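Each chain, letter by letter, is given below.
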Amino acid sequence: MIYARVAGTGSFLPGKPITNDDLVARGIETSDEWIAERTGIRMRHLAEPDVTASQLAYEASVRAIEAAGCQPSDIDLIIVATSTPDYIFPSTAALLQARLGITNGGAVFDLQAVCTGFAYALATAEKFIRSGSNKRALVVGAEVFSRILDWNDRGTCVLFGDGAGAVVLEASARPGILATALHADGSHSPILSVPGQINRGVVIGDPFLRMDGQAVFKFAVKVLGEVAREVVEQAGLTMGDVDWLIPHQANMRILQATGKRLGVPMEKVIATVAQHGNTSAASIPLALDLAVRDGRVQRGQKLLLEGVGGGFTWGAVLLEF
Ligand code: ACO
């Protein structure tokens, strides 16, 4: 039996943290109190204008590859989950591959499932590895959401941050990923979208993130509960067997409501939203790497990673670390 096992993790946040008060100082009509109370967010990192998703992905990947004890040339599959790619094409994954100095390598592609992107990418990489076609995948979530925020819309611009997280997933005889579940319902696309495009060199529509916050909240809590139960059941386990719940970091209140629904105490939920804000596809691997490096996550523990995002998409990966 071939399993897909996490061999190493890495992450990267650009620049210094920008606090809620820093946003007020930049002229946004908000307050630390409003943001912290409604979302739990205290700060976020924002990339300089010339820093791209592939650069953040590179920094996170170098750390993950080092932690896995392998070389870039050992990687035979790269999947980058992002909604803020460097270019229309080539893919951010191809640009990352070049930055890593890998030539004549295996498949590389970007995956677009917004905030569920990393769960989708990890589940996809697992299929490649379990099929025997690939041995070592680099799976990355990298975002520069600051590029698609309307800084005049205080209801959204205070929520997001930039960053990247990565894992090296390798073929192993020891259990790694135990169960995956991916879902989508495109009929909910209007509640969270960037409804613009470039057509003949001109931006058509709205190039900024638009959101119905309350609708997103309700939908997120419902599906995060459902999909967590689904993977636990699929693996023949119970929620009590899960050592750490590592959800997409949208909002502290969503994390709390999800934990409550699942009967998982907050001490078993990895929460980084206060420090990172919502980094979309980067949020799960950023949280995972932080908890690995600070010693909370240990080898042999069971981790439940889950996300929800635009599309709407949602998904979960249950793994033995
Ligand atoms: N600072 C101060 N006041 C604000 C701000 C702000 N940053 N933003 C909005 N307000 C004001 C509004 O103008 C409004 O004022 P009014 O009553 O005078 O009209 C008031 O606050 C309430 O606005 P609402 O939009 O109704 O605020 P709500 O209580 O719904 O909170 C929030 C908004 C925090 C976004 C909430 O809906 C939420 O948590 N939604 C979840 C969505 C989420 O986390 N999305 C992340 C992306 S999606 C994903 O990752 C899956």
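Residues numbered from 1 in each chain as written. Predicted model: local features only at pLDDT ≥ 70, side-chain atom pairs only at ≥ 80, totals over all residues. Heavy atoms only, no water.

A. Here's a closer look at the packing of aromatic side chains. This structure, assessed with the given rule, holds four aromatic pairs. An angle of 40° between the planes, with centres 6.1 Å apart, marks the rings of F109 and F128 as tilted. Separated by 19 residues along the polypeptide, F109 in strand 5 (residues 107–111) and F128 in helix 5 (residues 117–130) bring together distant segments of the chain. Taking 5.5 Å as the distance between ring centres and 80° as the angle between the ring planes, the aromatic pair formed by F219 and W314 counts as edge-to-face. With F219 in helix 7 (residues 213–234) and W314 in strand 15 (residues 313–320), the pair connects residues that are 95 residues apart, well separated along the chain. Judged by relative accessible area, F219 falls into the buried class, the value being 11%. An aromatic cluster is defined as three or more aromatic residues linked by ring pairs; in this entry it consists of F219, F312 and W314. Across from the ring centre of F321, 4.0 Å away, lies the NZ or CZ of R299, which sits over that ring. (Phe/Tyr/Trp six-rings, centres within 6.5 Å; stacked < 30°, edge-to-face > 60°. Helix = DSSP H or I, 4+ residues; strand = E, 2+ residues; numbered from the N terminus. Buried < 20%, exposed > 50% of the residue type's maximum accessible area, 1.4 Å probe, protein only. Lys NZ or Arg CZ within 6 Å of the ring centre and 35° of its normal.)

B. Inspection of the site of the ligand at higher detail. Around the ligand, a shell composed of 22 residues is seen, among which T30, R38, H248, N251 and N278 lie nearest. Take Q214: an N or O atom from its side chain is 2.9 Å from an oxygen atom of the ligand. Between the ligand and N278 there is a distance of 2.8 Å, counted from an oxygen atom to a side-chain nitrogen or oxygen. When isolated, the ligand has an accessible area of 1,000 Å², and the protein chains bury 72% of it. Per element, the largest residue contribution to the shell around the ligand is four residues, and it comes from helix 7. A per-class count over the shell around the ligand returns ten nonpolar, eight polar and four charged. (Near = heavy atom within 4 Å. Polar contact = N/O pair within 3.5 Å; in protein donor to acceptor, adjacent residues only side chain to side chain. Areas by Shrake-Rupley, 256 points an atom, 1.4 Å probe, with all protein chains shown as cover. Nonpolar A, V, L, I, M, F, W, Y, C, P; charged D, E, K, R; others polar.)

C. Layout of the packing of helix 3 (residues 53–68) against helix 4 (residues 92–99). One can describe the packing of helix 3 onto helix 4 by two numbers: an axis separation of 9 Å at closest approach and a directional angle of 50°. Taken as axis vectors, helix 3 and helix 4 run oblique relative to one another. Relative to helix 4, the crossing made by helix 3 is right-handed. Contacts from A53, S54, Q55, A57, Y58 and S61 in helix 3 reach T92, L95, L96 and R99 in helix 4. For the contact of helix 3 with helix 4, a count of residues per class yields five nonpolar, four polar and one charged. (Axes fitted to C-alpha atoms, helices over the stretch in contact; angles between N-to-C directions. Parallel < 35°, antiparallel > 145°, perpendicular 65-115°, else oblique. Left-handed = near helix turned anticlockwise from the far one by under 90°. Contact = heavy atoms within 4.5 Å.)

D. Highlighting the side chain of R5. Following the sequence through the fold, R5 ends up in strand 1 (residues 3–12). As a buried residue without a salt bridge, R5 has its nearest oppositely charged side chain in E170, at a separation of 4.8 Å. Leaving out residues up to four positions away in the same chain, R5 has contacts with V168, L169, E170, S172, R174, P175, G176 and R299. (Lys, Arg positive; Asp, Glu negative; His and termini not counted. Salt bridge = Lys/Arg side-chain N within 4 Å of Asp/Glu carboxyl O.)

E. Spatial organisation of a nonpolar patch on the surface. A grouping of I88, F89, I198 and V203 is seen on the molecular surface, where their side chains present a nonpolar patch of about 510 Å² in accessible area. Relative to the elements of secondary structure, V203 occurs in strand 11 (residues 202–205). (Patch = residues over 30% accessible without salt bridge, like charges linked within 9 Å, V, L, I, M, F, W, Y side chains within 5 Å.)

F. Seen up close, the sheet that holds strand 6 (residues 136–144). Spatially, 1-7-6-4-5 is the arrangement adopted by the five strands of the open sheet, whose pairing is mixed. Each end of this open sheet is capped by a strand with a single partner; those strands are strand 1 and strand 5. Strand-to-strand twist of the sheet, defined as the mean angle between neighbouring strand axes without regard to direction, takes the value 15°. Bridge count for strand 1 against strand 7 (residues 162–172) is nine bridges, and the pairing is antiparallel. Across the sheet, the residue bridging to G8 is V168, located in strand 7. Lying on the sheet, helix 3 is in contact with strand 1, strand 6 and strand 7; it crosses strand 1 at an angle near 125°. (Pairing = 2+ DSSP bridges.)

G. Examining the sheet that holds strand 13 (residues 244–247) more closely. Spatially, the four strands line up as an open sheet ordered 8-15-14-13, and their pairing is mixed. Two strands close off the open sheet at either side, each with one partner strand: strand 8 (177–184) and strand 13. The sheet shows a mean angle of 10° between the axes of neighbouring strands, taken without regard to direction. Bridging between strand 13 and strand 14 (residues 302–309) involves four bridges; their strand directions are parallel. In the strand pairing of strand 14, P247 is matched with E306. Taken strand by strand, helix 5 contacts strand 8, strand 14 and strand 15, and its axis lies near 125° from that of strand 8. Lying on the sheet, helix 7 is in contact with strand 8, strand 14 and strand 15; it crosses strand 14 at an angle near 145°.

H. Expanded view of the pattern of salt bridges. Scanning all chains against the criterion turns up twelve salt bridges. The residue E226 makes a salt bridge to K222 at a minimum N-O spacing of 3.2 Å. You can see E226 and its partner K222 sitting in helix 7, four residues apart, about one turn around the helix.

I. How the structure looks around the nonpolar core. Counting residues in hydrophobic clusters, the biggest one holds 46 residues, and the most contacted among them are V158, V231, M239, L304, V308 and F312. For this core, the secondary-structure elements that each account for two or more residues are strand 8, helix 7, helix 8 (252–262), strand 14 and strand 15. If you tally residues by element for this core, the top one is helix 7, at ten residues. Setting aside residues up to four positions removed in sequence, V158 forms contacts with L23, I28, T30, I35, I41 and R44. A113, I246, A287 and L319 belong to the second largest nonpolar core, which has 33 residues in total. (Core = buried A, V, L, I, M, F, W, Y, C linked by side-chain atoms within 4.5 Å.)

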